[in-house]
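Each chain, letter by letter, is given below.
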Amino acid sequence: MCGIVAAVTQRNIINFLLHSIQRLEYRGYDSSGLALIDQNNKFVRVRSIGKVNQLIKKTKNKKLFGKIGLAHTRWATHGKVSEENAHPHVSSHISIVHNGVIENSFKIKSFLKEQGYIFYSDTDTEVIVHLLHWEQKKTGKSLLEIMNHSLTQLKGNYSMVVMDSNNSSKLIAVCSGSPLIIGLGIGENFIASDQIALLSVTKNFIYLKEGDIAIVQSEKIKIFNKNRSIAQRKIITSDVQYEYIKKGKYKYYMEKEIYEQPKSIRNTLKNRLKNNETIYFSELGIKEKNIFSHLEHIHMVACGTSYHAAMVAKHWFESLANIPCDVEVASEFSSRKLAVRKKSFFVTLSQSGETADTLTALRISKKLGYLGNLTICNMKGSSLVQESDNYLLTKAGVEIGVASTKSFTTQLTVLLMLVAKIVSIKKKENNIEKKIVKILTILPRRIEEILKKNKQIQDIAKKLHNKKHMLFLGRSDQYPIAMEGALKLKEIAYIHAEAYLSGELKHGPLALIDKDIPIIITAPKNSLLEKTKKTIQEICARGGLIYVFSNEEINLETNITSLKVPYVEEIIAPIFYTIPLQLLAYYIALIKGTNIDQPRNLAKSVTVE
Ligand code: AGP
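What counts as what
- Residues numbered from 1 in each chain as written.
- Predicted model: local features only at pLDDT ≥ 70, side-chain atom pairs only at ≥ 80, totals over all residues.
- Heavy atoms only, no water.
- Helix = DSSP H or I, 4+ residues; strand = E, 2+ residues; numbered from the N terminus.
- Rg over C-alpha atoms; globule rule 2.2 N^0.38 Å.
- Buried < 20%, exposed > 50% of the residue type's maximum accessible area, 1.4 Å probe, protein only.
- Contact = heavy atoms within 4.5 Å.
- Areas by Shrake-Rupley, 256 points an atom, 1.4 Å probe, with all protein chains shown as cover.
- Domains from an automatic or database assignment.
- Pairing = 2+ DSSP bridges.
- Axes fitted to C-alpha atoms, helices over the stretch in contact; angles between N-to-C directions.
- Phe/Tyr/Trp six-rings, centres within 6.5 Å; stacked < 30°, edge-to-face > 60°.
- Lys NZ or Arg CZ within 6 Å of the ring centre and 35° of its normal.
- UniProt positions renumbered as here; feature names shortened; annotations may be inferred.
- Right-handed = clockwise from strand over helix to strand, strands pointing away.
- Left-handed = near helix turned anticlockwise from the far one by under 90°.
- Nonpolar A, V, L, I, M, F, W, Y, C, P; charged D, E, K, R; others polar.
- Near = heavy atom within 4 Å.
- Polar contact = N/O pair within 3.5 Å; in protein donor to acceptor, adjacent residues only side chain to side chain.

Chemist: Can you help me understand the overall build of the chain in this one?
Modeler: From N to C terminus, the chain includes 18 helices and 26 strands. The C-alpha atoms of the chain give 26 Å as radius of gyration, which agrees with the globular expectation for 609 residues (25 Å, within 12%). For the C-alpha atoms alone, the extent of the chain along its principal axes is close to 80 × 55 × 45 Å. Taken over 609 residues, the chain has a buried fraction of 62%. Taking as baseline every contact in the chain between residues at least 6 positions apart, the subset at least 24 positions apart corresponds to 71%. As presented, the chain carries roughly 24,600 Å² of accessible surface, and 49% of it is formed by carbon and sulfur atoms.

Spelled out as structure tokens, the structure:
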């Protein structure tokens, strides 16, 4: 979704701004722009639709110079994709970039039109900048002084950075509804919506809190909290490694992130498995007993791939810990009246920690009498981590590809550790914990083994890339994996795919079976395998085209393509069987030539509800 970068420095900032918004491309956008204050204290603004490269082309030969500036990647919400609608927007001496949506913009716009303001775009952002100008003109006060009153008139999300050509030494950042961070340099400071944009200039960040206003100058920073008192905010040193944001030998980030999974899982496990038998979460420390000992129910809420991880965890909570667990899509959780179970503990899951639906669900949950809450998240300074009572980090490293891969398998790794820990706390004995520690230790190796099947999976992709529809079947804890496989295929290969519970096939979808709809089945060797074989026979009997991934030889009929995968321990089979489905979607998309890292219409982190 939209991305913000701003800088106040003592050097020409143009190249930095261009380079940094390029770093935000992965978030999804349709146009971009920047504004600088030049040597004559005038705004210079360049905007373009399409990729940041287009913007770079437009700035070439212009000899742009400015020590203070704003840049933005826009994801259209109010108004079509056009240069006029791209940010920054300007009203006389004020310029602004904004992430979020102003819900009452139409009302304010008609008021401002009556005051004589002319609108050059259809955006809600232009409404903010004219409103600021109007307030300043009316009161004669400084931008900071009028900010408070202006902000109370806006309804919605309005994280933004404002620049004033009458005062070219400072930027004003407002954090309300979507994340903003300040990057601390030496004699220069930066603002961005995502630390990735700033990693080339700093590793030290301040994460602004909801309601904060910050005045950022090259040598100093002043932050006011939502009550407008001076606030001290912690400086966090990022541990994000630069290598994560380079593609290296890979063609796409998604490919790199798939192959990175053994390493990501090792990082997730690092310093958490003690003496080969206990699990230790430094984020919780000694509090963990208090947090988990009284819970009798778990309610997990997430979106997309993170929701699928929660669905797998439901099986683990119920089968290993005997704790009832409900799982819900975040937007649904927030859309209904719900009855909270007795002693229920609320868990959110998110790669980005910025998904608006999940954040809203967390905020609602706090008023509903849950025993406590926890988020499992990949981004340390994210809003979900900041707003949750407890958090566990997945430590997957930065994930750039829009399609989640390593964030899913590391979420599952953390979830399995969490289940084991809770079992030990509640049962006061640690046999299951010991067993899981052992299995998790070999998980990265198991994944390395399945990744070696890539050639065979490429061959399957060659047979499937021109199909219009596909069905993914799974049973029990493999059903969320079927859902994940179908989601991957839809989002990067644009092929309609559906996941179905194997046992439900005969209750309707069997009617769809013909030679044009391939059916993908993951069938680990376990107590359910015989039932799955029966489903396979039913499909074969109707001429269906089956592709099975199993660690047992399955050659019941001629119309089955069966890929024998290495052995895996039953409990980690959901994590393991995700890998061939990720690879399958990736190789199909590669043959189709889609934009794998930035699929059409999608954003990496969905910060609007
Ligand atoms: C998955 O490939 C998607 N990109 C998407 O479903 C994603 O998982 C969802 O938007 C939730 O994001 P989050 O984990 O950052 O909250």
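Picking up after the structure, the text goes on.
Chemist: Honestly, the domain arrangement of the chain in this entry has me stumped. Any pointers?
Modeler: By a widespread convention, an interface's size corresponds to the accessible area lost as its parts come together. Assigned domains of the chain: these are domain 1 (3–244), domain 2 (247–450) and domain 3 (454–592). The C-alpha-based centres of domain 1 and domain 3 are spaced at 46 Å.

Chemist: Would you take a moment to explain the sheet that holds strand β24 (residues 518–522) for this structure?
Modeler: Pairing between the strands of a sheet is mediated by backbone hydrogen bonds and can be parallel or antiparallel. Overall, parallel pairing links the 5 strands, which are arranged β23-β22-β24-β25-β26 in an open sheet. Only two strands of the sheet have a single neighbouring strand rather than two, namely β23 (496–501) and β26 (560–564). Geometrically, the sheet is characterised by an average inter-axis angle of 20 degrees between neighbouring strands, direction not taken into account. Taken strand by strand, helix α15 (residues 454–464) contacts β22 (469–474), β24, β25 (545–550) and β26, and its axis lies near 165 degrees from that of β25.

Chemist: Hey, could you run me through the packing of aromatic side chains in this one?
Modeler: Two numbers describe a pair of aromatic rings. These are the distance of the centres and the angle of the planes. Within this structure, the stated rule accounts for 9 aromatic pairs. Aromatic side chains Tyr-252 and Tyr-586 sit 6.4 Å apart centroid to centroid with 75 degrees between the ring planes, which places their arrangement in the edge-to-face category. Placement of the pair is Tyr-252 in the loop between β14 (236–237) and α6 (253–259) and Tyr-586 in helix α18 (residues 573–592), with a sequence separation of 334 residues. Since its relative accessible area comes to 1%, Tyr-586 is described here as buried. Seen from their ring centres, Phe-576 and Tyr-577 are 5.3 Å apart, and the 75 degrees between their planes marks the pair as edge-to-face. The exposure class of Tyr-577 is buried, given its relative accessible area of 0%. The lysine or arginine in question, Arg-600, covers the ring of Tyr-494, its NZ or CZ lying 3.7 Å from the ring centre.

Chemist: Sorry, what's going on with the UniProt feature "active site" (unreviewed entry) in the chain here?
Modeler: In this structure's numbering, the residues bearing the UniProt feature "active site" (unreviewed entry) are Cys-2 and Lys-604. Across 603 residues in sequence, these annotated residues keep their C-alpha atoms within 10.4 Å of one another, forming a single compact spot. Within the element layout of this structure, Cys-2 appears in the segment before β1 (3–8). Taking relative accessible area as the criterion, Cys-2 reaches 12% and is therefore assigned buried. In contact with Cys-2, other than residues within four places in its own chain, are Arg-27, His-72, Thr-73, Arg-74, Trp-75, His-98, Asn-99 and Ser-193. For Lys-604, the position within the fold is in the segment after α18.

Chemist: Quick question: what am I supposed to make of the pairing of β23 here?
Modeler: Every regular strand shows the same layout, with side chains that alternate between the two sheet faces. Where β22 lies against β23, 6 bridges are found, and the strand directions are parallel. Opposite Phe-472, over in β23, you have Ala-499 as the bridge partner. At this point the chain moves from β22, through helix α16 (residues 479–493), to the parallel β23, and the crossover so formed is right-handed.

Chemist: Would you explain the sheet that holds strand β17 (residues 297–302) in this entry?
Modeler: What the 5 strands build is an open sheet, ordered β18-β17-β19-β20-β21; its pairing is parallel. In the strand order of this sheet, the two ends are held by β18 (325–329) and β21 (390–393), each with one partner. Between one strand axis and the next, the sheet turns through 20 degrees on average, direction left out of account. Strand direction decides the pairing type here: strand β20 (residues 372–377) and β21, joined by 4 bridges, are parallel. What sits directly across from Ile-376, in β21, is Leu-392. Against the sheet, helix α9 (residues 304–320) contacts β17, β18 and β19 (344–350), and its axis sits at roughly 170 degrees relative to β18.

Chemist: Can you help me understand the pairing of β18 in this one?
Modeler: One ladder, built from 5 bridges, connects β17 with β18; its direction is parallel. Counted as the bridge partner of Ala-302 is Val-329 from β18. Remark: the β17/α9/β18 crossover connection has right-handed handedness.

Chemist: For this particular structure, what's the right way to read the packing of helix α7 (residues 261–269) against helix α13 (residues 406–427)?
Modeler: Geometry of a packed helix pair, given as the angle between the helix axes and the separation of the axes. Running from amino to carboxyl end, α7 crosses α13 at an angle of 35 degrees, the nearest separation of the two axes being 9 Å. The handedness of the crossing between α7 and α13 is right-handed. The segment α7 lies against α13, with Gln-261, Ser-264, Ile-265, Thr-268 and Leu-269 engaging Lys-406, Thr-409, Thr-410, Thr-413, Val-414 and Met-417. Taken together, the residues that form the contact of α7 with α13 break down as 4 nonpolar, 6 polar and 1 charged.

Chemist: Just checking my understanding: could you explain the site of the ligand for this structure?
Modeler: Near the ligand, the surroundings consist of 14 residues, among which Ser-306, Ser-350, Ser-352, Thr-355 and Glu-491 are the closest. One of the side-chain nitrogen or oxygen atoms of Thr-355 is found 2.5 Å away from an oxygen atom of the ligand. Burial of the ligand by the protein chains amounts to 92% of its free accessible area of 410 Å². Put simply, the parts of the chain that give the shell around the ligand at least two residues each are α9 and α16. Split by residue class, the shell around the ligand holds 4 nonpolar, 8 polar and 2 charged.

Chemist: Is there a simple way to explain the side chain of Thr-405 in this structure?
Modeler: Within the element layout of this structure, Thr-405 appears in the loop between β21 and α13. Assessed through its relative accessible area of 0%, Thr-405 is described here as buried.

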